[in-house]
Amino acid sequence: MPAVTAPSTLRPNITRVRDTSGFVGTVLYVGPVASAKSQTEIYAGIAWDDVTRGKHDGSVISKATNQIVRHFKCGPTQGSFLKLSKVDVGVELTPQLMRSRYVRPDAALIAPGNLLPHVALTSSGREKPIEFYGEVKLRNRQQLEVVEDISLRMLGISKPPPDVTSVLEEIAEFNHLRGIDLAGNLLSDWEDVLKILRLFPNLQTISLASNRVNDLGSVSLGTSFLNVKSLNLNNCNIESFQTIASIGAAMPYLEELCVAHCNLADIESFDASSENQLEILFKNLLLLDLSNCQLTSWQRHIMKLQNLPRLESLIVNDNPIHCIEGAIEGGQPADFPYLTSLQLAETNISTWTALDQLNRIPSLRSLRLRNTPLTNTLGVGEVRSTAIARLPNLEYFNASPITDRERVEAERRYVSTVSRELLLISSGVILAAERDTDVDGSAGNDDSAKQAQMFAKHPQFQLLVEKHKDTMLSLSNAGNGSTNQGSIGEEIINVTIRSMAAASCDMEPLRKRLPRSLKVGRIKTMCAKYFRVDIDLQMLHFRAEDDPFPSELDDAEHSLFYYGVNDGAEILVNEIDVEALEREKARQLEDHSRRVKEQEQHVTVLQSMKKNDQRINALATEMAQNRV
């Protein structure tokens, strides 16, 4: 770090700095501070990315007037004033910095004789040496002259070499690099970014995530990025979709683009003129990440991208989108003709009717839907089963594959559920109150209107009835002509209950036929009797057939149907480690105490600021009265 940073190098709202603890912030003010002892000394006013890192909100009390003087504005504990001698504006990207990331082949071995300078303790307290084989081979494969992708994350890089031409010959030995990761550095100027990237002409993958580079403005990207196929601009403070369009024009072969945590709401007013048509600018784009980009409307924001000719994966997580609207009319082509994967986690989707609109995308095969108003009120199994039934083309839901048997069961269950609702309507249960007061014989019309509403809410119902009518009819006949018996038979599933507890893991598993309505608490009672595992120490998970990832059955009051336990599933019984549980409780208590202490400190700071404001106002009032 230089002894003193020149004030002319600090540009408010642009320059990024760091401190010795690794905290990063943006310079918002350069100049004298009203509360300083010397009114001629220059300070840098910093707004830290961590809003609790500072001591004030950018305002101070003037030593001369006792009045509040605001030099910049930020959160109440986000701001700091640093002397220029303590300002670290980062380092230059040089060949020497790049080489420092990798151990030289002739450097001393970490594990001479294949033994690390550490030991492990056995359960009896004896020391065991730790062996490390293949160190030389790994080192040879990780030399900068050999690797094609280099990581330069969080090194404080803020600018290129001062004289780029002087390092061209030395940098030329790295022309083989295909990928560079510059995430989490101090880059804040597109001109500096472009100078760095042009040092490596063969780059295909670039990550600039968490660098506050802002919008392009008048900066031109040129045409020197024809090889780039993947670009990560997550959390780069981009606030104009025109910047994204300019990137598309400069990188015509771009296949993956990530711009999460940028405000791109102005896509609604983006002028897609002949030279700015998105389907031309991004004609090769396969994946687009727009998570948390302040997109509020599917029609006005997301549908702007519907004609991208090769887009396969679209991520719009954490955007306040309430519904999904399409634009198919007559002979118009389908929305997103090649889209196979869509992520809608953390959105505001609240109805199944909104989700039904995804059937307008016939190529869609994978959907991620978590933490939405729709899914938060339902069980995991119910959400999965209903989504599978209503979206017939899905092959993956929340990254888990949908088997043929699971789809058949989900569709049959869906048909049964909707059929029961229709039966209640036709039998008069739902409209009983209306019929009691009916005087003009319009109850039948009410029935018809209610049924029409049901069909509108369940557009797949009639298709699924036709698809499964023979099978469901045979199930009904197997129940001696009782439709109720057929439904009950369909709700019985075969499960295998296997103990993973240390004391009973060698016991034969239980194989049971259970109703889907059976609650988890009843299963725990069954396991306590057979496997001798205390109910309070049981932790149950279930695993679908051919699914390597088990899901927890964490609520004794919910049923197997709630969790989506299907026929052929396996229930795993684990025993809680009491000592580990106590350690986790102690860790949580310590974490809670730490957070409470931080909040108390924050409140103390706010109270102190409030008292200062009151004192200053009182002094100002007194001075005004004295002048009078």
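In this text the structure is predicted, and so the values were computed from the model without any measurement.

Here we look at the pairing of strand β24 (residues 538-543)
No. 1: Examined bridge by bridge, β24 and strand β26 (residues 569-575) share 6 bridges and lie antiparallel to one another. Residue Leu 540 lies in a different strand from β26, and its bridge partner there is Val 573.
No. 2: With 3 bridges joining them, β24 and strand β25 (residues 551-553) adopt antiparallel strand pairing. Following the sheet pairing, Phe 542 is matched in β25 by Ser 551.

Concerning the nonpolar core
No. 1: Ranked by size, the top nonpolar core spans 90 residues in total, and within it Trp 190, Phe 200 and Leu 314 carry the most contacts.
No. 2: Counting only elements with at least two residues in this core, the list comes to α1 (95-99), α3 (164-171), α4 (190-197), α5 (241-250), α6 (278-281), α7 (352-356) and α9 (380-390).
No. 3: Those residues in contact with Leu 314, other than ones at most four positions away along the chain, are Leu 288, Leu 290, Ile 302, Leu 305, Phe 336, Leu 339, Ser 341, Leu 342 and Gln 343.
No. 4: Core analysis: the second largest hydrophobic core is formed by 21 residues, Ile 493, Leu 510, Ala 569 and Val 573 among them.

Focus on the sheet that holds strand β6 (residues 79-83)
No. 1: Pairing within the open sheet is antiparallel, and its 4 strands lie in the order β1-β2-β3-β6. At either margin of the open sheet sits one strand with a lone partner, and together these are β1 (16-18) and β6. Pairwise comparison of adjacent strand axes, ignoring direction, gives a mean angle of 45° for this sheet.
No. 2: Relative to strand β2 (residues 24-31), β1 runs antiparallel, the two sharing 3 bridges. By the bridge assignment, Val 17 is partnered in β2 with Gly 25.

Focus: the side chain of Asp 88
No. 1: By the element assignment, Asp 88 lies in the loop between β6 and β7 (91-92).
No. 2: A distance of 2.8 Å separates polar atoms of two side chains, one belonging to Asp 88 and the other to Arg 18.
No. 3: A distance of 2.9 Å separates a polar atom in the side chain of Asp 88 from the backbone nitrogen of Gly 90.

As for a positive patch on the surface
No. 1: On the surface, a cluster of positive charge is made up of Lys 37, Lys 63, Lys 83 and Lys 86.
No. 2: With respect to the helices and strands, Lys 63 occurs in the loop between β4 (59-61) and β5 (68-70).

A look at the packing of α9 against helix α10 (residues 404-426)
No. 1: Relative orientation of the contacting elements α9 and α10 amounts to 90°, with a least axis distance of 8 Å. Considering their axes alone, α9 and α10 lie roughly perpendicular with respect to each other. When α9 is examined against α10, the residues Arg 384, Ser 385, Ile 388, Ala 389 and Arg 390 are found in contact with a partner set consisting of Glu 406, Arg 407, Ala 410, Glu 411, Arg 413 and Tyr 414.
No. 2: A class-by-class count of the residues in the contact of α9 with α10 yields 4 nonpolar, 1 polar and 6 charged.

A few points about unusual backbone geometry
No. 1: In this structure, Asn 398 takes a positive phi of about 50° despite not being glycine.
No. 2: Residue Asn 398 is classed as buried on the basis of its relative accessible area of 14%.

Quick notes on the packing of aromatic side chains
No. 1: As enumerated under the stated definition, the model contains 6 aromatic pairs in all.
No. 2: With a centroid separation of 4.8 Å and 85° between ring planes, the pair formed by Tyr 530 and Phe 531 is classed as edge-to-face.
No. 3: With a relative accessible area of 32%, Tyr 530 lands in the partly exposed category.
No. 4: We classify Phe 531 as buried; its relative accessible area is 3%.

Reading guide: rules and limits
Residues numbered from 1 in each chain as written. Predicted model: local features only at pLDDT ≥ 70, side-chain atom pairs only at ≥ 80, totals over all residues. Heavy atoms only, no water. Pairing = 2+ DSSP bridges. Helix = DSSP H or I, 4+ residues; strand = E, 2+ residues; numbered from the N terminus. Core = buried A, V, L, I, M, F, W, Y, C linked by side-chain atoms within 4.5 Å. Buried < 20%, exposed > 50% of the residue type's maximum accessible area, 1.4 Å probe, protein only. Contact = heavy atoms within 4.5 Å. Axes fitted to C-alpha atoms, helices over the stretch in contact; angles between N-to-C directions. Polar contact = N/O pair within 3.5 Å; in protein donor to acceptor, adjacent residues only side chain to side chain. Patch = residues over 30% accessible without salt bridge, like charges linked within 9 Å, V, L, I, M, F, W, Y side chains within 5 Å. Areas by Shrake-Rupley, 256 points an atom, 1.4 Å probe, with all protein chains shown as cover. Salt bridge = Lys/Arg side-chain N within 4 Å of Asp/Glu carboxyl O. Lys, Arg positive; Asp, Glu negative; His and termini not counted. Charge placed at Lys NZ, Arg CZ, Asp CG, Glu CD. Parallel < 35°, antiparallel > 145°, perpendicular 65-115°, else oblique. Nonpolar A, V, L, I, M, F, W, Y, C, P; charged D, E, K, R; others polar. Phe/Tyr/Trp six-rings, centres within 6.5 Å; stacked < 30°, edge-to-face > 60°.

So, to be careful, I would describe these as geometric facts and stop short of saying anything about function.
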